[in-house]
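Next come the chains, spelled out residue by residue.
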Amino acid sequence: MIQLDEKIHFYLLAILPIMVLVFLLLQLWKVKVQKQFADKKLLRRLAPNRSILKSSLKMIFLLAGLFFLIIGLVNPKIGTKLETVKREGVDIVFAVDVSKSMLAEDIAPNRLEKSKRLVSEIINQLASDRIGIIAYAGQAYPQLPITTDYGAAKMFLQGMNTNMLSSQGTAINAAIDLASTYYDDAEQTNRVLFVISDGEDHSEGSTLKAVENAVENGIRVFTIGVGKTKGAPIPIKRSGVVESLKKDAEGEVVITKLNESVLAEIAYEGNGEYIDGTNTDDAVDFIKEELNKMDKKEFEAKQFAEYKDQFQWFLGIGLLFLFLDVFILDRKTQWLKKLNLFNEEYHG
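Note that the structure is a prediction, hence the values are computed from the model and not measured.

K.L.:
Please explain the packing of aromatic side chains as it appears in this structure.
P.N.:
Each aromatic ring pair is characterised by the separation of its centres together with the angle its planes make. One pass over the full model with this rule turns up six aromatic pairs. Seen in terms of ring centroids, Phe61 and Phe321 are 5.7 Å apart; in terms of plane orientation they differ by 45 degrees. Their pairing is tilted. Here Phe321 lies in helix H10 (residues 311–327) and Phe61 lies in helix H3 (residues 52–74), a separation of 260 residues in the sequence. Through pairs of rings, three or more aromatic residues link up here, namely Phe61, Phe67, Phe68, Phe314 and Phe321.

Listed below in structure tokens is the structure:
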């Protein structure tokens, strides 16, 4: 388990591409000035030991040195001691819709990104509950099994996109059926499933049957609606630029709408609640209240109790690269000329 002490120092990494840009512009300026001063043959005679490749190598060492120094400032720590702790909580599974309709931008920045933000904010409010994540479209895919590792959950959450499942459509029943297999503690009486979706469902009557089975397994099904009822087109983008809008077989632009009635029915049959996801704060506050009302089950979990600093390794490597940068000269060295490590032509 890795822990990062000072994540704010990651912003310093923005200096590196700026340095590369300045270096390239400086090299171009040098070439331009040198052409104005003399031709290549005369320059070789005036500066026979000038090495372009060694200048680039020095820059690489400088960038590497700064990179490792910045990572050292972040201070990565490695967990060295595991201990078993007793925690109380409920088991929560998030089923996130990753079908193409979730790319609609009727809610900023789009439905999928809004869904991910909602789940992330809910996780931030949890203390000791166990969580799992499912991605679904035309089929359901286990993204993260039940765990207490909230950091891993957020990492997997951010990696979710509409291209991760080849089978398109929206099969909410598949997500609910898969979620029913997630709860691995037979003694846990409070099991919660949050279905985050725009409500488009192509599984017809199978969804309510899946909800019925989930309730029989002690699962409460909540739904969170993401989108607008008036609907929006589905943009098709390349490199962040909209190229066209998704069309149906007749060539008409597809308008995808939030289907609140479907989500409300699922929540009603699942002994849960339908939650409007438009306002993140309101939705998270409501969910927090609902979870606080539930009885918490005590369970054991392993967590790292001690972490060991690793910054010294990164600082050491960084200083080594800076040392090499200082002692490597821009000009050719006599003994390296014979080895010709940089494949440079020597003109005496």
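K.L.:
For this particular structure, what's the right way to read a nonpolar patch on the surface?
P.N.:
A cluster of nonpolar side chains, contributed by Leu320, Phe323, Leu324, Val326 and Phe327, occupies part of the molecular surface with about 510 Å² of accessible area. Locating Leu324 in the fold gives a position in helix H10. On the accessibility criterion, Leu324 (30% relative accessible area) is partly exposed.

K.L.:
Got a minute to help me understand the pairing of strand E6 (residues 191–197) in this structure?
P.N.:
Remember that side chains alternate between the two faces of the sheet whenever the strand is regular. Counting buried positions along E6 gives seven out of seven residues, so the element sits mostly inside the fold. Of the two faces of E6, the one holding Arg191, Leu193, Val195 and Ser197 and the one holding Val192, Phe194 and Ile196 are both buried throughout. Bridge count between E6 and strand E7 (residues 219–225): seven bridges; the pairing is parallel. Following the sheet pairing, Arg191 is matched in E7 by Ile219.

K.L.:
Help me understand the sheet that holds strand E5 (residues 140–147), please; the structure alone is not making it clear to me.
P.N.:
As a general point, the strands of a sheet are linked pairwise by backbone hydrogen bonds and lie either parallel or antiparallel. Spatial ordering of the open sheet is given by E5-E4-E3-E6-E7-E12, a layout of six strands whose pairing is mixed. Pairing within the sheet leaves two strands with one partner each, and these edge strands are E5 and strand E12 (274–276). Ignoring which end each strand starts from, the neighbouring axes of this sheet average 20 degrees apart. Of the pairings in the sheet, the one linking strand E3 (residues 91–97) to E6 comprises six bridges and is parallel in character. The residue bridging Val93 from the neighbouring strand is Leu193, located in E6. Against the sheet, helix H8 (residues 260–269) touches E6, E7 and E12, its axis set at about 165 degrees to E7.

K.L.:
Teacher, can you tell me more about the packing of helix H7 (residues 206–216) against H8 here?
P.N.:
Two quantities define a packed helix pair, namely the angle between the helix axes and the distance between the axes. Look at H7 against H8: their axes get within 9 Å of each other, and the N-to-C directions meet at 25 degrees. When the axis of H7 is compared with that of H8, the two are roughly parallel. Classified by chirality, the crossing of H8 by H7 is right-handed. Seen from H7, the contacting residues are Thr207, Leu208, Val211 and Val215; seen from H8, they are Glu265, Ile266 and Glu269. Considered class by class, the residues forming the contact of H7 with H8 number four nonpolar, one polar and two charged.

The rules behind these values
Residues numbered from 1 in each chain as written. Predicted model: local features only at pLDDT ≥ 70, side-chain atom pairs only at ≥ 80, totals over all residues. Heavy atoms only, no water. Phe/Tyr/Trp six-rings, centres within 6.5 Å; stacked < 30°, edge-to-face > 60°. Helix = DSSP H or I, 4+ residues; strand = E, 2+ residues; numbered from the N terminus. Patch = residues over 30% accessible without salt bridge, like charges linked within 9 Å, V, L, I, M, F, W, Y side chains within 5 Å. Areas by Shrake-Rupley, 256 points an atom, 1.4 Å probe, with all protein chains shown as cover. Salt bridge = Lys/Arg side-chain N within 4 Å of Asp/Glu carboxyl O. Buried < 20%, exposed > 50% of the residue type's maximum accessible area, 1.4 Å probe, protein only. Pairing = 2+ DSSP bridges. Axes fitted to C-alpha atoms, helices over the stretch in contact; angles between N-to-C directions. Contact = heavy atoms within 4.5 Å. Parallel < 35°, antiparallel > 145°, perpendicular 65-115°, else oblique. Left-handed = near helix turned anticlockwise from the far one by under 90°. Nonpolar A, V, L, I, M, F, W, Y, C, P; charged D, E, K, R; others polar.

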